[in-house]
Amino acid sequence: MKAVIYARYSSGRQHEESIERQLEICTKYAEENNLLLVGSYIDRRKTGKNDNRPDFQRMIYDSSRRQFDVVLVWRFDRFARNMDDHAAYERILKQNGVKLVSATEPIPEGAHASIIKGVIIGGNESYSIELAAKVKDGMKKAAQKGQTLGGGRVLGYRSVDKHLVVDEGEAQIVRMIFERFYMGKSLSEIASELNSKGLKNSKENPFSITGVQRILSNKRYIGIQLYKGEDIGIRIPSIVQQDIFDAVQIQLKKNKRAPSRNREPEEQYLLTTKLFCGECKAPMSGVSGTSKSGDKHQYYACMTRYKKQRCEKNYIKKEIAEKAVVDVVKKTLLHSNIQMLAHEVVRCCVEAQDNGELLRLQGELKEVKRSINNLVDMIEAGRTTEAIADRLDAREAQRKELEAAIAREKILHRIPTEDEVVFFFDNFLHGEIDSPEYNRYLIDILVNSVYLYDTAEKSKQKMTVLLNVQNGLETVEIDDIMECSSFSHMVSHRGFEPRTP
């Protein structure tokens with residue numbers, strides 16, 4: 001199988017594996033598992049809390065071109081720290097026939113695979129949230145002391161001992177920008193004048209219209225230091241007079257264009273890759289369209305029928321199918337089996353853990369400690385020599401290296417406790433049932449596949465949900481799902497054009 005490596009480094013962490021180390025670990029894993037490496041995607045100094053990562057997006061796009069079969073990561077948190085992003089993008093990979101694999105977090109094959117992965121990813125997000133809170137708290141405390149927080153430099157100021165002071169040369173540029181706008185010049189005219197004089201912004205680049213507007217809106221120039229948009233009472237030297245700044249803000253509001261309409265959120269078909277036609281076993285995918293009256297409708301359709309081939313499987317409304325599956329998971333599985341699932345998840349993690357390296361390191365540490373004790377005994381018996389002292393120092397250094405290596409190995413192969421898994425599932429029981437993000441994650445983790453059948457009664461369909469449970473796959477049947485036969489009529493309706501997302 002062909003594989004690519006995705007590696008990411010976020011500068012905010014002090015103990016994070018370097019890109020080179022991630023590549024080394026993933027390469028070793030590929031060699032040991034007969035994977036042919038055909039490339040790598042690397043994002044340096046990019047957070048995993050969002051998907052704004054160039055090489056990540058390029059990798060997702062390339063997966064649709066069937067260039068590889070596996071995306072290999074050092075840990076799942078390299079792929080994404082946000083649970084919703086992780087689920088959404090892994091689903092895209094799955095649709096493109098690509099599997100996501102962690103080189104250091106083994107997921108055993110079988111019914112509990114997706115559950116174990118969900119616990120790991122949930123733990124990663126919790127860590128990310130905790131870390132972000134600590135960083136945010138530290139930054140706010142620094143801001144309250146009047147200290148600069150790094151980031152982009154502000155035109156007109158420079159940092160001295162972590163405090164902002166006026167750079168008089170640049171301050172003249174800032175005052176000129178405010179004066180020109182106050183006298184009626186447009187943003188475009190101001191930017192053109194500045195650039196014609198060869199003046200540069202804080203990044204040593206030419207001025208842009210948006211750059212000029214940001215300067216005119218910046219409260220720092222009247223001495224107010226904001227933190228996350230909040231005035232925390234810290235004052236810095238001002239550059240612009242208050243009355244001119246206030247007049248400029250009034251003019252900016254007048255010039256501001258009306259905001260564009262919010263784009264309709266992207267359709268989310270939560271059962272994609274999970275729902276299959278019970279009649280012909282083809283995938284059922286989301287289709288939607290707008291009726292003549294302008295109403296939007298969303299359904300799941302058998303792709304065999306959708307392509308006008310032999311199957312006659314009826315469509316089903318998106319919200320009915322998804323709600324039915326979520327209800328089955330919550331009522332049938334979670335309420336009665338949380339403790340059992342927690343026990344099974346931990347057991348599978350223990351069985352899947354490759355602790356050969358850990359055992360080797362612990363064996364070496366045991367031998368080193370035995371040697372240290374022997375050397376100490378010799379010294380206490382009065383047999384002190386320079387050679388023995390040197391050997392003791394060397395063994396002590398070796399002990400510290402081995403203990404550090406063991407600590408790293410335990411972090412890499414950490415096994416969740418049963419309490420942690422129970423807590424993870426308890427969150428599902430109290431999740432927002434109307435939240436698409438909550439439902440999507442619930443389905444991704446706990447549902448293996450869903451089959452939808454027509455019944456003899458034309459007003460009903462039957463759904464079989466196959467769940468990830470202890471003894472293989474458990475089947476749960478649901479009756480009384482209304483058949484949305486009206487869709488069949490609407491497909492041929494003049495004003496309705498179904499489409500796949």
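Above this note sits the structure.
Description of the structure in this document. (Residues numbered from 1 in each chain as written. Predicted model: local features only at pLDDT ≥ 70, side-chain atom pairs only at ≥ 80, totals over all residues. Heavy atoms only, no water.)

### What to know about the sheet that holds strand β10 (residues 284–290)
Next, step 1: Pairing is antiparallel across the open sheet formed by 3 strands, whose spatial order is β10-β11-β12. At either margin of the open sheet sits one strand with a lone partner, and together these are β10 and β12 (316–317).
Next, step 2: Bridging between β10 and strand β11 (residues 296–302) involves 7 bridges; their strand directions are antiparallel. Paired with Ser 285 across the two strands is Ala 301, which belongs to β11. (Pairing = 2+ DSSP bridges. Helix = DSSP H or I, 4+ residues; strand = E, 2+ residues; numbered from the N terminus.)

### Some words on the packing of aromatic side chains
Next, step 1: Scanning all chains against the criterion turns up 9 aromatic pairs.
Next, step 2: Through pairs of rings, three or more aromatic residues link up here, namely Tyr 6, Phe 56, Phe 79 and Tyr 89.
Next, step 3: Geometry around Tyr 269 places Lys 318 over its ring, the cationic atom sitting 5.8 Å from the centre.
Next, step 4: Across from the ring centre of Tyr 453, 5.7 Å away, lies the NZ or CZ of Lys 462, which sits over that ring. (Phe/Tyr/Trp six-rings, centres within 6.5 Å; stacked < 30°, edge-to-face > 60°. Lys NZ or Arg CZ within 6 Å of the ring centre and 35° of its normal.)

### Some points on helix α8 (residues 209–217)
Next, step 1: Listed as buried for α8 are Gly 211, Val 212, Ile 215 and Leu 216. Each buried residue of α8 lies within a common arc of 140° when the element is viewed along its axis, so the set occupies one face.
Next, step 2: The inward-facing, buried residues of α8 abut α6 (168–182), α7 (187–196) and α9 (242–255). (Buried < 20%, exposed > 50% of the residue type's maximum accessible area, 1.4 Å probe, protein only. Arc of directions from axis to C-beta. Contact = heavy atoms within 4.5 Å.)

### Considerations on the environment of Ile 60
Next, step 1: Residue placement: Ile 60 occurs in helix α2 (residues 54–63).
Next, step 2: With a relative accessible area of 8%, Ile 60 lands in the buried category.
Next, step 3: C-alpha separation for the pair Ile 60 and Asn 96, spaced 36 residues apart in sequence, amounts to 9.2 Å.
Next, step 4: Setting aside residues no more than four positions away along its own chain, Ile 60 makes contact with Phe 79, Tyr 89, Ile 92, Leu 93 and Asn 96.

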